[in-house]
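# A structural walkthrough
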Amino acid sequence: MRYNSLRVIKGKGDFILKKITKLFLIMAACTLLSACGQKKKATPILTKNQVIKKAQKAAHSGEAIQTFKIKTATSSNYISSDIWYGGNPLVLNIVYQQFNSNGNQSNKTSMWVNSNGIAYIHGQKWYKTNLVKFTGHNFYDFYNASSQSPMLVDPADSLIKAYKMKRQGQTYTLTATIKDKSILDDALNPILNTASLGTKQQEAFNNFLKKSKFKNITVKLVYKNGQLASFNYTVHYKLQIYQLELSQQIGNQGKQDMLTMPQETGNAVDLPTNKNSKSNQANKNSK
């Protein structure tokens, strides 16, 4: 009887062991199925129009550089405005630079601007003045040119059609060369409204353009890993032996959300109104 009891116990043990083994196999299968079900979906490949649409989304902060360049076969002179925007409240950091044919910086003016249109200029010390009086442009001329450039956020149909796209992984590169004069205002206004420092300089820019022959506009947009990496375009003109290039570069979007005015601006004094003092003190050793 005792032997039979042991056989019964052993038989039950084998049965239970098989049940447990089967249960573990079922649980393992469920785990595998669950893992497969949760597998990350492949990122879809975008069409050209989808890339253009996604790139149009404006960021709260970023950087834009506008440049007016005059070149010959042997020399090059240019003026640029480098604009950083962002923060809460919104502020601008604008750096004007001028380079001569030797590539040496001949002039530099750095300023911080609040949304009230007060420019704080860093020269030998901090000065403050009205932005419009100093540059010929208001706060939103700079901000809109940088964050809402129409060539990017509202491209013309002719530009969209001209774009050719190449893809490498999740990097999409769109390029175009276009001769459509109807989009010149979209291309030129963000540059002319920011690159010139003062009304006289802007008038000089406009006079150059009136005498020059329009050639084309070259455009490049890079969309990488789900966001705009860079956008730039150049408007090309020719005037006798001179090549004129007006360009805008947009990048670093979303990287200046914490931009704030330097504390030192609180100690700024009024910029002297005398023209000579203004030029010497605001621009000399400006950083």
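Residues numbered from 1 in each chain as written. Predicted model: local features only at pLDDT ≥ 70, side-chain atom pairs only at ≥ 80, totals over all residues. Heavy atoms only, no water.

Quick look at the pattern of salt bridges now. What the rule picks out here adds up to 1 salt bridge. Residue K71 pairs with E245 through a salt bridge whose shortest N-O separation is 3.0 Å. In this pair, K71 sits in strand 1 (residues 62-71) while E245 sits in strand 11 (residues 242-251), placing the two residues 174 residues apart along the sequence. The exposure class of K71 is partly exposed, given its relative accessible area of 27%. You can call E245 buried: its relative accessible area is 18%. (Salt bridge = Lys/Arg side-chain N within 4 Å of Asp/Glu carboxyl O. Helix = DSSP H or I, 4+ residues; strand = E, 2+ residues; numbered from the N terminus. Buried < 20%, exposed > 50% of the residue type's maximum accessible area, 1.4 Å probe, protein only.)

Along helix 4 (residues 139-147), the residues that are buried comprise F139, F142, Y143, A145, S146 and S147. The N-capping residue of helix 4, defined by a side-chain oxygen 3.0 Å from the backbone nitrogen of Y140, is N138. (Polar contact = N/O pair within 3.5 Å; in protein donor to acceptor, adjacent residues only side chain to side chain.)

The next point concerns the nonpolar core. Residues I217, L221, F231 and V235 are the most contacted members of the largest nonpolar core, which totals 39 residues. Ranked by the residues each element gives to this core, the list is headed by strand 10 (residues 227-239), at 6 residues. Not counting residues up to four positions away in its chain, the partners in contact with V235 are L184, A187, L188, F214, N216, I217, L244, E245 and L246. Y85, Y96, M111 and L271 belong to the second largest nonpolar core, which has 17 residues in total. (Core = buried A, V, L, I, M, F, W, Y, C linked by side-chain atoms within 4.5 Å. Contact = heavy atoms within 4.5 Å.)

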